[in-house]
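# Notes for the structure review
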Amino acid sequence: MRQINTEQIRDTVEKLCIDANYNLGDDLITSLRSALEREESPLGKEVITQLLDNAEIGRKEQVPVCQDTGFAIIFIELGQEVVLTGGDLREAINEGIRRGYKNGLLRKSIVKNPIDRINTGDNTPAVIHTDIVPGDKLKITFDAKGGGCENMSRSAMLTPAQGREGVINFVVDTVKSAGANPCPPIIVGVGLGGTFDYSTLLAKKAILRPVGSNNNNKTIANLEIELLEKINRLGIGPQGLGGRITALAVQVETFPCHIASLPVAVNIECHSHRTKTIVI
Amino acid sequence: MTEYIDLETPLSDSTIEKLKAGDKVRISGVLYTARDAAHKRLIEMIESGKDLPFDVKGQLLYYVGPTPAKPGQVIGSAGPTTSYRMDTYAPTLIKMGLKGTIGKGGRSKEVLEAMKRYKAVYFAAVGGAAALIAKTIKKVEIIAFEDLGAEAIRKMEVENFPAIVVNDTKGGDLYNIGREKYKIPY
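The rules behind the values
- Residues numbered from 1 in each chain as written.
- Chains lettered and ligands numbered in written order.
- Predicted model: local features only at pLDDT ≥ 70, side-chain atom pairs only at ≥ 80, totals over all residues.
- Heavy atoms only, no water.
- Helix = DSSP H or I, 4+ residues; strand = E, 2+ residues; numbered from the N terminus.
- Polar contact = N/O pair within 3.5 Å; in protein donor to acceptor, adjacent residues only side chain to side chain.
- Contact = heavy atoms within 4.5 Å.
- Buried area = accessible area lost by both parts, 1.4 Å probe.
- Salt bridge = Lys/Arg side-chain N within 4 Å of Asp/Glu carboxyl O.
- Nonpolar A, V, L, I, M, F, W, Y, C, P; charged D, E, K, R; others polar.
- Pairing = 2+ DSSP bridges.
- Axes fitted to C-alpha atoms, helices over the stretch in contact; angles between N-to-C directions.
- Buried < 20%, exposed > 50% of the residue type's maximum accessible area, 1.4 Å probe, protein only.
- Arc of directions from axis to C-beta.
- Domains from an automatic or database assignment.

Right, let's get into the side chain of R209 of chain A. Residues and elements named next belong to chain A. Assignment of secondary structure puts R209 in the loop between helix 7 (196-207) and helix 8 (218-231). One polar contact links the side chain of R209 to the main-chain carbonyl oxygen of S213, over a distance of 2.6 Å. Here V252 takes part through its backbone oxygen, which lies 2.9 Å from a polar atom of the side chain of R209.

Dropping the structure here:
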């Protein structure tokens, strides 16, 4: 059994928060550059150029690329041959978030209770998803999930009869209704199958794939390609000001589902896609 | 290609009425900030007959909750938040003389009506370009609701703050115009 001290996890989480919020990933930058070449609207091109300039400022000056530094979403893949020492895993993660948001001068955007709405003051707690996997490694993924795009996400329980066409209509309609709100060009994460709750988790996991990567399953990859084409025919464009590039990518993750069900969830991610992963 | 209209706050009705959906502007002068929690309090103050922390007449309201400033910065990153969440509150402020709001995303029918009736415009700033936008903010002072942190009301002095007119006083809507122009039916 390999031992990992939770203090190391805490310090890793702190680093991830800051790194993700200051330095956008190369996959996203490549995708934005390609979007700039394909965009036909002059105003759309101007917007994408500003986003690339903004990313450069974040990197050079080590400042947050967006003021909404997000809800801290943590995905843990814990190897089953790992023994955690040094204290509570959840507390270590939340302490990492606390330090990252304080030391990185990130915005504190979490309220204690959805009704009273008093700010927790340190951006905790994180939403933590933990998977036990084979091996002796610990993989930590951080995503700073902005409120604007999360608010435009939706899920539905379709009938099997609605099928592929029903899925396409629901996803495209979700993006259409969202319009300029979620900061297009967006990344569209789709979860298909599982249960009501599991489809939404799949949608979030779909966002975390490298931007523009297709599903390994050919049927699903074709669905992704068709969805992207249909979404980019909507004309919403960068920031909703009109244009060809409404979405940078559509990424679908699937899971088996009940003979009676066709769960579909759409998790929208803004162009300010801030995620980083470290394997310990 | 790019031509900008320079705007200096406070703004008069005649200036506002000349703006058209799609116009690119550079704003200089004062912007006040408020988002969800601050709006709730402002409207409660109005309902209970109290004076607001600032006079909205002729002013622009920027929907933003910035990140904390680094040492040497006047403000952290400061891009727009989604505007529709303020739709419940905006008509009241527009009726009181607010000349415009700055955010991102579409507005409700009620807000569009109020803008036409009381002469106000809605500007979009580029969402997610928060580090870039922050460079146009030269001075910041918290003037109310400090306990709200990022949501406190700030008075900002800006120079050449970049924005684009989405909704004008005549009913022009850039989101509709842009979408119609580029949509490809299938």
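Structure shown, so let's carry the discussion forward.
Of the residues lining the interface, 45 residues belong to chain A; the matching set on chain B comes to 45 residues. Carbon and sulfur atoms supply 58% of the area that chain A and chain B bury against each other, a total of about 3,600 Å² over both sides. Counting the surface chain A buries against chain B, the share from its top three residues, Q67, L105 and R233 of chain A, is 19%. For the pair chain A and chain B, the number of links is two salt bridges. We note a salt bridge from E61 of chain A to K135 of chain B, for which the minimum N-O separation is 2.8 Å. Our count for the chain A to chain B interface comes out at 22 residue pairs in polar contact (both at pLDDT 80 or more). When residues of the side of chain A that touches chain B are traced back to their parent elements, those giving at least two are helix 3 (42-61) and helix 6 (163-178) of chain A. The class makeup of the residues in the side of chain A that touches chain B is 19 nonpolar, 16 polar and ten charged.

Moving on, we get to the sheet that holds strand 4 (residues 127-133) of chain A. Residues and elements named next belong to chain A. One open sheet holds the four strands; their spatial order is 4-2-5-10, and the pairing between them is mixed. A strand with exactly one partner marks an edge of an open sheet, and here the two such strands are strand 4 and strand 10 (274-279). Averaged over neighbouring strand pairs, the angle between their axes works out to 15° when direction is ignored. Bridging between strand 2 (residues 71-79) and strand 5 (residues 138-145) involves eight bridges; their strand directions are antiparallel. Residue pairing across strands places I74 opposite F142, the latter belonging to strand 5. Running over the sheet, helix 1 (residues 6-22) touches strand 2, strand 5 and strand 10 and is turned about 40° from strand 5. The sheet strands contacting helix 7 are strand 2, strand 4 and strand 5, and the helix crosses strand 2 at an angle near 90°.

According to the stated counting rule, one finds 33 salt bridges over all chains in the structure shown. One salt bridge in this structure joins E95 of chain A and R99 of chain A, with 2.9 Å as the shortest N-O distance. Linking E95 of chain A with R99 of chain A, this pair stays in helix 4 (residues 89-103), spanning four residues, or about one helical turn. Between R35 of chain B and D36 of chain B there is a salt bridge, and its shortest N-O distance comes to 3.3 Å. When salt bridges that share partners are traced, they join E91, E95, R98, R99 and D122 of chain A into one network.

Turning to the sheet that holds strand 8 (residues 247-257) of chain A, a few remarks are in order. Residues and elements named next belong to chain A. Across the sheet, four strands lie side by side as 6-9-7-8; this open sheet has mixed pairing. What marks the edges here is a single partner per strand, and that holds for strand 6 (154-158) and strand 8. Mean inter-strand twist for the sheet, computed between neighbouring axes without regard to direction, equals 15°. Direction of pairing for strand 7 (residues 186-194) relative to strand 9 (residues 262-269): antiparallel, over a ladder of six bridges. Of the residues in strand 9, the one forming a bridge with V188 is I268. Across the sheet, helix 7 is in contact with strand 6, strand 7, strand 8 and strand 9; its angle to strand 7 comes to roughly 145°. Along the sheet, helix 8 contacts strand 7 and strand 8; its crossing angle with strand 8, the most-contacted strand, is approximately 140°.

Okay, helix 4 (residues 109-118) of chain B next. All names here are of chain B. For helix 4, the set of buried residues is V111, A114 and M115. Buried residues along helix 4 cover an arc of 100° about the axis, so they all sit on one side. Opposite the buried face of helix 4, by more than 90 degrees, sit the exposed residues K109, E110 and R117. Structurally, helix 4 contributes buried residues whose contacts are with helix 3 (90-95), strand 5 (121-124) and strand 7 (153-167). Within two residues after helix 4, K119 carries a phi angle of roughly 60°, on the positive side.

Right, let's get into the domain arrangement of chain A. Residues and elements named next belong to chain A. Along its sequence, chain A is organised into domain 1 (2-20 + 65-145) and domain 2 (148-273). Taken residue by residue, the interface counts ten residues in domain 1 and 13 residues in domain 2. Buried area between domain 1 and domain 2, both sides added, is near 810 Å², and the carbon and sulfur share of it is 62%. Per-residue buried area on domain 1 facing domain 2 is highest for F75, D143 and K145; these three make up 63% of the total on that side. Joining domain 1 to domain 2, the criterion identifies three salt bridges. K145 is the partner of E150 in a salt bridge, and the nearest nitrogen-oxygen pair spans 3.1 Å. Across the domain 1-domain 2 interface, the total number found is four residue pairs in polar contact (both at pLDDT 80 or more). Looking at the side of domain 1 that touches domain 2, the elements with two or more residues in it are strand 2, strand 4 and strand 5. Per element, the largest residue contribution to the side of domain 1 that touches domain 2 is three residues, and it comes from strand 5. A class-by-class count of the residues in the side of domain 1 that touches domain 2 yields four nonpolar, two polar and four charged.

Before going further, it helps to spend a moment on the environment of Y63 of chain B. All names here are of chain B. Within the secondary structure, Y63 sits in the loop between strand 3 (60-62) and helix 3. Residue class for Y63 comes out buried when judged on its relative accessible area of 0%. Separated by 27 residues in sequence, Y63 and D36 have C-alpha atoms that sit 8.6 Å apart. Apart from residues lying up to four places away in sequence, Y63 is in contact with A34, H39, G79, P80, T81, S83, M86, A90, T101, I102, G103 and R107. In this structure the side chain of Y63 is engaged in a polar contact, spanning 3.1 Å, whose partner is the side chain of R107.

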